[in-house]
Amino acid sequence: MTILTILTYPDPRLRIKAQPVTTFDADILTTVEDMFETMRESGGIGLAATQVNVHKRIFVMDVSEDRDQPYTLINPEIIEREGKQFEGEGCLSVVEAYDKVERALKVRVRAQDADGKPIELTAEGLMAACIQHELDHLEGVLFVDHLSRLKQERIRKKATKLAKA
Ligand code: NI
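Residues numbered from 1 in each chain as written. Predicted model: local features only at pLDDT ≥ 70, side-chain atom pairs only at ≥ 80, totals over all residues. Heavy atoms only, no water.

Visitor: When you look at the coordination of the nickel ion in this model, what are you seeing that I'm missing?
Guide: The protein atoms that coordinate the nickel ion are Cys91 (SG), His133 (NE2) and His137 (NE2), at distances spanning 2.0 to 2.3 Å. All donor residues of the nickel ion come from one chain, and their arrangement in sequence is C-x41-H-x3-H. One end of the pair, His133, and the other, His137, are both in helix H2 (residues 125-138), four residues apart, so they sit about a helical turn from each other. The burial state of His133 is the same as that of His137; both residues are buried. (Donors = N, O, S within 2.8 Å, 3.2 Å for Na, K, Ca; no water. Helix = DSSP H or I, 4+ residues; strand = E, 2+ residues; numbered from the N terminus. Buried < 20%, exposed > 50% of the residue type's maximum accessible area, 1.4 Å probe, protein only.)

Right, here's the structure in full:
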């Protein structure tokens, strides 16, 4: 397994819209394994392919305390949303930024696993927020885009400074 390089904001490649996965081959399995390894190494709960410069509709997540409930979601689609939550979020691609984002409290998702098998799952709370956050990545959207202009500007300046340091 390989630890992949995570793109950091404001890298323009984070804005590329991911393409659907049509062939479930060994390359996809390798990408998924490397993404899990990279996510674990970084201490994240979710990672979208976009963040490792692979522009395919894939994300991995594990929001469990013991990091033993991994999910691979390929070509994910939210088919139901319910309620609202407003909780703090961070992102492996946005260093040192953490802020509250409004998300649906509960979502139902339809996707495929790494073998292309259809799956459906219902998630609530943190897992639901994670799914919405990762799906945003596949659309080229970052959690900071949901914040006020002023906050975005502040985060962008800080990120640019950190990148130069
Ligand atoms: Ni993120």
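Read on, since the account is not over.
Visitor: Which parts of the structure should I look at to understand helix H3 (residues 149-164)?
Guide: Each α-helix winds once per 3.6 residues, and so residues spaced three or four apart point in a common direction. Spanning 16 residues, H3 covers 23 Å between terminal C-alpha atoms, matching the ideal 22 Å at 1.5 Å per step. Every buried residue of H3 is listed here: Gln152, Ile155 and Ala159. One side of H3 holds all its buried residues, which, seen down the axis, span an arc of 70°. Exposed residues on H3 whose side chains face more than 90 degrees from its buried face are Arg149, Leu150, Arg154, Lys157, Lys161 and Lys164. Those residues of H3 hidden inside the fold are in contact with strand S5 (94-103). (Expected span 1.5 Å × (residues − 1). Arc of directions from axis to C-beta. Contact = heavy atoms within 4.5 Å.)

Visitor: What exactly am I supposed to notice about the layout of surface pockets here?
Guide: In this approach a probe as big as a water molecule rolls over the atoms, and the regions it shows empty are the leftover space. Space inside the largest pocket adds up to approximately 350 Å³. Ile45, Glu89, Gly90, Cys91 and His133 are the residues nearest the centre of the largest pocket, which is lined by 21 residues in total. Those elements that provide at least two residues to the lining of the largest pocket are strand S4 (85-91) and H2. No other element matches H2, which puts seven residues into the lining of the largest pocket. (1 Å grid on protein atoms, 1.4 Å probe; cavity = no way out; pocket = protein on both sides within 12 Å on 5 of 7 lines; lining within 4 Å. Points joined across faces, edges and corners; volume = space filled by probe spheres on them.)

No statement about biological role is implied by the geometric values presented.
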